[in-house]
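Per-entry structural report
Residue strings, one per chain:
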Amino acid sequence: MDKYIIEGGKPLYGEVEIQSAKNAVLPLLAASILTDERVVLHRCPRIRDVMNMIGILDELGCKTRFEGDSLVIDSSDAVSHEIPSALAKELRSSIFMLGSVIARFGKARIAYPGGCDIGLRPIDLHLKGLKSMSVEITEDGGYINCSCVKLKGADVLLDCPSVGATENIILAAVKASGYTVIRNAAKEPEILDLQNFLNAMGAKVAGGGTSTVVVCGVKKLGGVEYTPMPDRIEAGTFLIASAMCGGEMLLKRTDANNIVSLIHKLREISCKIAVKDDKIEIKSSGVRKSPKIVETMPYPGFPTDLQAQMTALACISEGSTLIVENLFETRFKHVPELIRMGADITVRGRAAFVRGVKTLKGADVVASDLRGGAALTLAAISAEGQSSVTDLSHIDRGYSDFEYKLTELGAKIRRVHI
Ligand code: UD1
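Described in the following lines is the structure provided in the data block. None of these values were measured; they are calculated from a predicted model. (Residues numbered from 1 in each chain as written. Predicted model: local features only at pLDDT ≥ 70, side-chain atom pairs only at ≥ 80, totals over all residues. Heavy atoms only, no water.)

Some words on empty space enclosed by the protein
In this structure the tally under the stated criterion is 1 cavity of 30 Å³ or more. Approximately 30 Å³ is the volume found for the largest cavity. Along its surface, the largest cavity is lined by Ala-21, Lys-22, Asn-23, Glu-190, Asp-231, Arg-232, Ile-233 and Arg-371. Elements represented by at least two residues in the lining of the largest cavity include exactly helix H1 (22-31) and helix H8 (232-245). (1 Å grid on protein atoms, 1.4 Å probe; cavity = no way out; pocket = protein on both sides within 12 Å on 5 of 7 lines; lining within 4 Å. Points joined across faces, edges and corners; volume = space filled by probe spheres on them. Helix = DSSP H or I, 4+ residues; strand = E, 2+ residues; numbered from the N terminus.)

Structure (structure tokens):
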């Protein structure tokens, strides 16, 4: 197991280049088995979730290799329709394989997925959508078995706008017969990225990024070379780090349009933010007003994946902040750890009430999920004195070179193996 040792209290100055989005790359990897031609993903981040997803592709019989930072996938010899439990339990996105594996083999067997422990995370909407496309689904011993004679396009209404369910149904629909309409679809930008990728392979998908997605099934998809969109959550994490530590930071290869809700919040608390092309510059004095209220919502609302980092920021802001987590039931596991560092927070159900303190104090804290781990790291680099953040396997799921990028910006952070 690895941990960070952090000497806090240094302002952050310099540039940081944003990785390709984890949540875009994962469904693209699932989509790659829809063709038996070559797929190349440029700027593919070697984060743990991506490496696990590559492990699943290998298990299905695909040949995968990195050429520099480009991932090359050859699925022509893929033979297996079964995703074993050891890999499925490692990451929730293994569930995205369901739609594409059924589209490729007419059947799929997958163990119930794992992922961050942040709540119930049901998959009923995924299964309901697939059933309406003529997929038969049975369950045995923790496995989901799917089969179908022919995938048929369908009119699907999602009870809530689930990102994963929207993506899974799109993946099943691209080679189904006829049209599929997904109503109340999630509007996250990663869905538009999936649409662009699939259309570059010859699919006919429209409406990605809006609440109605229409897919016209095609017979065959071809190979593609593609560069996934920048990671809006990594970008948001660095912007919040800057707001917490003070200094001047330039984010390169990013898209400010995808994190408007965060940029608004940071401007409200007196950070100076300038956007030019694919760059965002942030200047922060290190003195923050409280954000008052942060309520997570589906896109374009405030992202749940930045809630933990924003909670860390609220801890050292002037005044109080109400944080409301609407998407996941147990996404406050970072709070007891922040309290160890001197934060003043009360949690009631899905709400956390944060009373700002002048500064956090270094402490030994434990990460129990990906974004919570990032939040604790930000708390530690802004705190007075030394901290340790244990169990970096969570952070490694979603951030490539996190400590290296923070070190370049002036943070005192190192990884040690324990
Ligand atoms: C994706 C992101 C994750 C992000 C989340 C919300 C990926 C790989 N992960 O996760 O980082 O935190 O979107 O922005 O893209 N729900 C159901 N039934 C279902 C599916 C979902 O009730 O079948 C509910 C969930 O409990 C949750 C809400 O829908 O309350 C949103 O979840 P969803 O959008 O599906 O999140 P994920 O796709 O798992």
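Points about the packing of helix H6 (residues 163-173) against helix H7 (residues 189-200)
Two elements in contact, H6 and H7, have axes separated by 10 Å at closest approach and are oriented at 15°. Relative to H7, the element H6 lies roughly parallel. Between H6 and H7 the crossing geometry is right-handed. Here Val-163, Thr-166, Glu-167, Ile-170 and Leu-171 of H6 lie close against H7, whose contacting residues are Glu-190, Ile-191, Leu-194 and Leu-198. (Axes fitted to C-alpha atoms, helices over the stretch in contact; angles between N-to-C directions. Parallel < 35°, antiparallel > 145°, perpendicular 65-115°, else oblique. Left-handed = near helix turned anticlockwise from the far one by under 90°. Contact = heavy atoms within 4.5 Å.)

Comments concerning the nonpolar core
Ranked by size, the top nonpolar core spans 75 residues in total, and within it Leu-29, Met-97, Ile-170, Phe-197 and Leu-198 carry the most contacts. In this view, Leu-198 contacts Ala-31, Leu-34, Ile-170, Leu-171, Val-174, Ala-203 and Val-205; residues no more than four positions away in its chain are not counted. If you look at the next biggest cluster of nonpolar residues, it comprises 67 residues, including Met-244, Ile-280, Ala-352 and Leu-360. (Core = buried A, V, L, I, M, F, W, Y, C linked by side-chain atoms within 4.5 Å. Buried < 20%, exposed > 50% of the residue type's maximum accessible area, 1.4 Å probe, protein only.)

What to know about the pattern of salt bridges
Following the criterion strictly, the structure yields 25 salt bridges and no others. The residue Lys-128 makes a salt bridge to Asp-159 at a minimum N-O spacing of 3.1 Å. Here Lys-128 is found in helix H5 (residues 124-131), whereas its partner Asp-159 is found in the loop between strand S10 (155-157) and H6, with 31 residues between them in sequence. Three or more residues joined by partner-sharing salt bridges are found here, namely Asp-2, Asp-396, Glu-403 and Arg-415. (Salt bridge = Lys/Arg side-chain N within 4 Å of Asp/Glu carboxyl O.)

Regarding the site of the ligand
Surrounding the ligand, one finds 20 residues, the nearest of these being Asp-124, Ser-162, Val-163, Asp-305 and Leu-327. A distance of 3.3 Å separates an oxygen atom of the ligand from a polar atom in the backbone of Pro-122. Contacts to the ligand include Leu-327, whose backbone N or O atom sits 2.6 Å from an oxygen atom. Here the ligand has 740 Å² of accessible area as a free molecule, and 87% of this is covered by the chains. Broken down by secondary-structure element, the contributors of at least two residues to the shell around the ligand are H5 and H6. Ranked by residues supplied to the shell around the ligand, first place goes to H5 with 3 residues. (Near = heavy atom within 4 Å. Polar contact = N/O pair within 3.5 Å; in protein donor to acceptor, adjacent residues only side chain to side chain. Areas by Shrake-Rupley, 256 points an atom, 1.4 Å probe, with all protein chains shown as cover.)

Treat this as a map of the structure, not an account of what it does.
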